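Chain residues, written in single-letter form:
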Amino acid sequence: MSLYLKPEHVLQGGYCNATLRKLQEPNTSIQTHNVMYPVFLLENDDAIQPVSSMPNVYRYGVNQLIPALADLVKKGLESILVFGIIETLPKDANGSHADSDSNPVMRALPKLKAAFPGLVVACDVCLCPYTSHGHCGVLQPTGVIDHAASVKRIAEVALSYAMSGADIVAPSDMMDNRIKAIKEALFSTNLGNKVSVLSYSCKFASSMYGPFRETMKSAPLAGDRKCYQLPPGAAGLAARAAARDVAEGADLLMVKPGLPYLDIVRQTKDLHPHHPLFVYQVSGEYAMISRSGDNNEMETTLMEMLLCMRRAGADCIITYFAPLVLDIISKRTAH
Ligand code: PBG
Ligand code: ZN
């Protein structure tokens, strides 16, 4: 026998066919419940606008969104994450239109639930699309975040969405203690057992949100978000933030962005194995993958990235590619 070939070190026999390969990749399959589709909702119900920074992504008024979703629900779409955009309604210091009667999300929720009773509708909860200063919380006169006022306002908005029919409220603002305030608000209105709280628990101050902020017109007027979103190298803060949100009653956790943060995904899953973990494949990741080659290369790259997120511990991936993923899943099951 060759000096170098040791039978006990031969691994290839263990993955030499497709069935064995599947067994070697446990918990990495991508099914319809493993993806959530983020959608942008406009104030004008009949409008539809392409997003220039994100190929194949549109902003919809509710009358356009419903037919677009109908097609996807037929293909198996199980959940969406709704972002509201205002263009003519005024923005102010407290983000009053985040949950006013004219807010597009508030108006669309009953229509979405009526059109798709089985679709899980999550609402992003944040002030930045609605504040004049573009920050995710309420500010003190000095420009620093007013913690108490922010948490109070965020919980109010979350409760408004929940009362209008949201199945999940997802605060992306990163204000300390908002999970407790939201859970209390839901509990005190008897919605505690009907609405889940998906905490953007480990959200980093990333440079990969650019296309999203352009789409939402939600970039801060002055300053940045480094005093509330986590520093990209801070794995320790991410662990503490997730533990704090779990202690405050978060039902579901999130890591955002996805790909460069898979160590945080694994860390969060290991520390909180009993909480479903969401990963947000953000707009900058979408922009990169969209430009990664021809359709075929892009699809295989995308599916590999999703698989790696699952391997790292993600249960559900929030992705603008959800329509494409549903097509890939149906092609696969048609065989
Ligand atoms: C705002 C919010 C952002 C994203 C989701 N909610 C941007 C930000 O925090 O600056 C980013 C999503 C994406 O880039 O796809 N609270
Ligand atoms: Zn925000």
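Located above this text is the structure these notes cover.
Calculation rules
Residues numbered from 1 in each chain as written. Chains lettered and ligands numbered in written order. Predicted model: local features only at pLDDT ≥ 70, side-chain atom pairs only at ≥ 80, totals over all residues. Heavy atoms only, no water. Buried < 20%, exposed > 50% of the residue type's maximum accessible area, 1.4 Å probe, protein only. Helix = DSSP H or I, 4+ residues; strand = E, 2+ residues; numbered from the N terminus. Right-handed = clockwise from strand over helix to strand, strands pointing away. Pairing = 2+ DSSP bridges. Donors = N, O, S within 2.8 Å, 3.2 Å for Na, K, Ca; no water. Tetrahedral: all angles 85-135°; square planar, octahedral: opposite > 155°, others 65-115°. Polar contact = N/O pair within 3.5 Å; in protein donor to acceptor, adjacent residues only side chain to side chain. Contact = heavy atoms within 4.5 Å.

Engineer: Which residues make up the pairing of strand 5 (residues 120–125), and what are the values?
Structural biologist: On any regular strand, side chains alternate: one points to one face of the sheet, the next to the other face. Burial of strand 5 is extensive: five of the six residues sit out of reach of the surface. Of the crossover connections in this fold, the one passing from strand 4 (residues 79–84) over helix 3 (residues 104–115) to the parallel strand 5 is right-handed. Inspection of the sheet shows strand 5 paired to strand 6 (residues 168–171) by four bridges, in the parallel sense. The residue of strand 6 that forms the bridge with Asp-124 is Ala-170. Handedness of the crossover joining strand 5 and strand 6 through helix 4 (residues 147–163): right-handed.

Engineer: Please provide a residue-by-residue account of the coordination of the zinc ion (ligand 2), values included.
Structural biologist: Listed as protein donors to the zinc ion (ligand 2) are Cys-126 (SG), Cys-128 (SG) and Cys-136 (SG); their distances from the metal cover 2.2 to 2.3 Å. In this structure, the zinc ion (ligand 2) is coordinated by four donor atoms arranged in tetrahedral fashion, with angles at the metal of 96 to 118°. Within one chain, the residues donating to the zinc ion (ligand 2) are spaced in sequence as C-x1-C-x7-C. Comparing Cys-128 with Cys-136, the two get one shared label, buried.

Engineer: Lay out the side chain of Asn-34 with the relevant residues and their values.
Structural biologist: As for its position among the elements, Asn-34 is in the loop between helix 1 (18–23) and strand 1 (35–41). Here Asn-34 falls in the buried class, since its relative accessible area comes to 3%. In terms of polar contacts, Asn-34 uses its side chain to reach the backbone carbonyl oxygen of Asp-315, at 2.9 Å. In contact with Asn-34, not counting residues within four places along its chain, are Ser-29, Arg-310, Asp-315, Cys-316 and Ile-317.

Engineer: An account of the environment of Thr-88 is needed here, citing residue identities and associated values.
Structural biologist: Inspection of the secondary structure puts Thr-88 in the loop between strand 4 and helix 3. Overall, the relative accessible area of 67% leaves Thr-88 in the exposed class. Along the primary structure Thr-88 and Glu-43 are separated by 45 residues, whereas in three dimensions their C-alpha atoms are 7.9 Å apart.

Keep in mind that these numbers describe shape and distance, not what the molecule does.
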